[in-house]
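# An overview of the molecular structure
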Amino acid sequence: MPIIEAVRWAPGGGAVRIIDQTALPDQLVERDLTTLDEVCSAITSLSVRGAPAIGVAAAMGLVVSVARQAGRPPSEFRAALDGAAERIRATRPTAANLGWALDRMLARAREADGGNPSAVVEALRAEAGMILEEDRAMCRRIGEHGLPLVPDGSRVLTHCNAGALATSGIGTALAPVYLAVEAGRRVEVFVNETRPLLQGSRLTAWELSRAGIPVTVLTDGMAASLMRAGRIDLCLVGADRIAANHDVANKIGTYAVAVAAGYHRIPFYVAAPASTFDPCTGSGDAIEIEHRPAAEVTHGLGRRTAPEGVAVHNPAFDVTPHELITAIVSDTGLVWVSGRQGAARGGRG
Ligand code: MRU
């Protein structure tokens, strides 16, 4: 079981302590965030990333961003709080957990608002702590509900990182894997490297290797041929936002995995906590997709890998339509989405 705390309070509670995920897998570096600028840039730069961890970091980051303003008059404090929340909200648009956590924090501030900013800060600190603890517990429950999907001998394909690094607990997509291994089952994980920022090879491979779980890194175009060869039993991925019709936004490349899994009749599972569900967005077409700088593609491997001036398309996420999703594993149980459960073992037939 991984002991990885991607986001937590620094001792004394004056800072949000994160693992700087941009330094992995070379170095395990922790950073303390104490200002609004630091919180926003840590989220934008993907130092802290993964939808649940972003939500937790946003809530805790809001606390440290406004704590020093508690001496100001209530109306000024309130304006500072609203302004900080809006700046954090604008950092990354696709992960539902970010807005969910901030809305919850602002609601708590309204409840606690008796004209005393210090009391509001303390109420916000308590709420952020609850968001952190609840996320940890939701990951565990996702693992428990997903455990039957990962029998002994499973060969699991995942994409990006939806593990401990992406949450405050044991992850979402990787939670059933961790619990299956804890239960003594043999599980092998294949992970797409996940271009352009390599969350699969840098992060998922790092945390699984650290936990002693066999993991094989693939480049992003390799999975379909492994499916065809009958070497993948199931796919398990995370989610950034789940629309009301169960279309799922997740890391760019997820849709291609789902299409290949559908063709080969391999179960395709999505794991996500309640905070990722967005009942106000009807379908995947209405999900805002974050587009990131071209340099992530043209210089992603530390050197120029595309000619100067070439056009670049760099959406951070894509949408997998619900027809391709076998089930969603949430903290409250399994939601069977498409009725397509796949073959008992991989392979088209
Ligand atoms: O851009 P990232 O690294 O934040 O993208 C992360 C993903 O797409 C994850 O699969 C998703 O957030 C779920 S994390 C439990």
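Everything quoted here is computed from the prediction, not taken from an experiment. (Residues numbered from 1 in each chain as written. Predicted model: local features only at pLDDT ≥ 70, side-chain atom pairs only at ≥ 80, totals over all residues. Heavy atoms only, no water.)

## Quick look at the nonpolar core
To keep things clear, this is the line we draw: In plain words, nonpolar cores are sets of buried Ala, Val, Leu, Ile, Met, Phe, Trp, Tyr and Cys residues tied together by side-chain atoms within 4.5 Å. Throughout this description, buried means an accessible area under 20% of the type-specific maximum (1.4 Å probe, protein chains only), exposed means over 50%, and partly exposed covers the range between. The helix count covers DSSP runs of H or I at least four residues long, the strand count covers runs of E at least two residues long, and both are numbered beginning at the N terminus. Should any heavy atoms of two residues lie within 4.5 Å, those residues are considered in contact.
Core analysis: the largest hydrophobic core is formed by 42 residues, its most contacted members being Val7, Val48, Leu62, Leu81, Ile88, Met105 and Leu124. Looking at this core, the elements that each hand over two or more residues are strand 2 (16-19), helix 1 (36-44), helix 2 (51-67), helix 3 (74-89), helix 4 (96-112) and helix 5 (117-146). Ranked by the residues each element gives to this core, the list is headed by helix 2, at twelve residues. Other than its neighbours up to four places away in sequence, Val48 contacts Val7, Ile18, Gln21, Ala42, Ile43, Ala53, Ile54 and Ala57. Grouped together as the second largest cluster of nonpolar side chains are 25 residues, Leu149, Ala162, Leu234 and Tyr269 included.

## Some thoughts on the site of the ligand
Rule in force here: When we say a residue is near a molecule or strand, we mean one of its heavy atoms is within 4 Å of it. A 3.5 Å cut-off defines polar contacts: any pair of N or O atoms within that distance qualifies, except that in protein one atom must be a possible hydrogen donor and the other a possible acceptor, and neighbouring residues in sequence count only when both atoms are side-chain atoms. Each accessible area is a Shrake-Rupley estimate made with a 1.4 Å probe; only the visible protein chains count as cover when residues are assessed. A pocket here means an open set of points on a 1 Å grid, computed over the protein atoms alone, that has protein on both sides within 12 Å along at least five of seven lines. A cavity is instead a set of points where a 1.4 Å probe fits but cannot get out; residues with an atom within 4 Å of a point line either one. Here the criterion for a molecule occupying a pocket or cavity is that more than half of its atoms lie within 2 Å of the pocket grid points. Residue polarity is assigned by list, with Asp, Glu, Lys and Arg as charged and Ala, Val, Leu, Ile, Met, Phe, Trp, Tyr, Cys and Pro as nonpolar; anything else, Gly included, falls into the polar class.
What surrounds the ligand is a group of 17 residues, the closest being Arg49, Arg92, Asp240, Asn250 and Lys251. Note that an oxygen atom of the ligand is positioned 2.5 Å from one of the side-chain N or O atoms of Arg49. Contact distances for the ligand include 2.8 Å between an oxygen atom and a side-chain N or O atom of Arg92. Here the ligand, which alone exposes 420 Å², has 100% of that area covered by the protein. Here the ligand is seated within the largest cavity. For the shell around the ligand, the elements supplying multiple residues, two or more each, are helix 2 and strand 9 (248-251). In terms of residue class, the shell around the ligand is made up of eight nonpolar, five polar and four charged.

## With respect to empty space enclosed by the protein
Filter applied, for reference: Grid points are joined across faces, edges and corners, and a volume is the space filled by probe spheres set on the points.
One pass over the structure, following the stated rule, counts three cavities of 30 Å³ or more. Roughly 190 Å³ of volume is contained in the largest cavity. Taken together, 24 residues form the lining of the largest cavity, with Arg49, Gly50, Ala51, Asn161 and Asp240 sitting closest to its centre. Elements with a contribution of two residues or more to the lining of the largest cavity: helix 2 and strand 9. Element by element, the count of residues in the lining of the largest cavity is highest for helix 2, at three residues. Residues of the lining of the largest cavity, tallied by class, amount to eleven nonpolar, nine polar and four charged.

## Considering unusual backbone geometry
In the segment running from Leu24 into Pro25, the intervening peptide bond is cis, with an omega of 5°. Following the sequence through the fold, Pro25 ends up in the loop between strand 2 and strand 3 (30-33). Cis geometry is adopted by the peptide bond preceding Pro196, which originates at Arg195 and carries an omega value of 5°. Mapped onto the fold, Pro196 is located in the loop between strand 5 (187-192) and helix 7 (199-210).

## Quick notes on the packing of aromatic side chains
Cut-off, in case you're wondering: Ring geometry is summarised as follows: Phe, Tyr and Trp rings, the Trp one being its six-membered ring, pair when their centres sit within 6.5 Å, and such pairs are stacked at plane angles under 30 degrees, edge-to-face over 60 and tilted between the two. Charges are assigned to positions over rings by a cutoff of 6 Å between ring centre and Lys NZ or Arg CZ, combined with an angular limit of 35 degrees from the ring normal.
Evaluated as defined, the whole model comprises zero aromatic pairs. A cation over an aromatic ring shows up here: Arg125 above the ring of Trp9, its NZ or CZ 5.4 Å from the ring centre. One cation-aromatic arrangement involves Lys251 over Phe317; the distance from NZ or CZ to the ring centre is 4.5 Å.

## Here's the deal with the state of the cysteines
Structurally, a disulfide amounts to a covalent bond that connects the sulfur atoms of two cysteines. Note the following rule: For this text, the term disulfide refers to a pair of cysteine sulfurs within 2.5 Å.
As enumerated under the stated definition, the model contains zero disulfides in all. Cys160 carries a free sulfur, and the closest cysteine sulfur to it, the one in Cys235, is 15 Å from it. What makes Cys160 buried here is its relative accessible area of 7%.

## Quick look at the pattern of salt bridges
Stated precisely, the cut-off is as follows: Note on definitions: salt bridges are taken to be side-chain nitrogens of Lys or Arg within 4 Å of carboxyl oxygens of Asp or Glu.
Summed over all chains, the structure comprises 24 salt bridges. The salt bridge involving Glu134 is made with Arg104; its shortest N-O contact spans 2.8 Å. Placement of the pair is Glu134 in helix 5 and Arg104 in helix 4, with a sequence separation of 30 residues. Judged by relative accessible area, Glu134 falls into the partly exposed class, the value being 28%. The buried category is assigned to Arg104, whose relative accessible area is 18%. With a shortest N-O distance of 3.3 Å, Glu133 and Arg136 are connected by a salt bridge. Of this pair, Glu133 and Arg136 are both found in helix 5, three residues apart, which corresponds to roughly one turn of the helix. Given a relative accessible area of 42%, Glu133 falls into the partly exposed group. With relative accessibility at 28%, the residue Arg136 sits in the partly exposed group. Each of the salt bridges in this network shares a partner with another, and the network as a whole consists of Glu5, Arg8, Glu30, Glu133 and Arg136.

## So, the packing of helix 4 against helix 5
Let me state the cut-off plainly: For helices, the fitted line uses only the C-alpha atoms of the stretch in contact; every axis is such a line through C-alpha atoms, and the angle between N-to-C directions lies from 0 to 180 degrees. Crossing handedness follows the turn of the near helix against the far one: under a right angle anticlockwise gives a left-handed crossing, and clockwise gives a right-handed one.
The N-to-C vectors of helix 4 and helix 5 enclose an angle of 145°; their axes lie 9 Å apart at closest approach. Judged by the sense of rotation from one axis to the other, the crossing of helix 4 with helix 5 is right-handed. Of helix 5, the residues touching helix 4 (which contributes Trp100, Ala101, Arg104, Met105, Arg108, Ala109 and Ala112) are Val120, Ala123, Leu124, Ala126, Glu127, Ala128, Met130, Ile131 and Glu134. Class assignment of the residues belonging to the contact of helix 4 with helix 5 gives a composition of twelve nonpolar, no polar and four charged.

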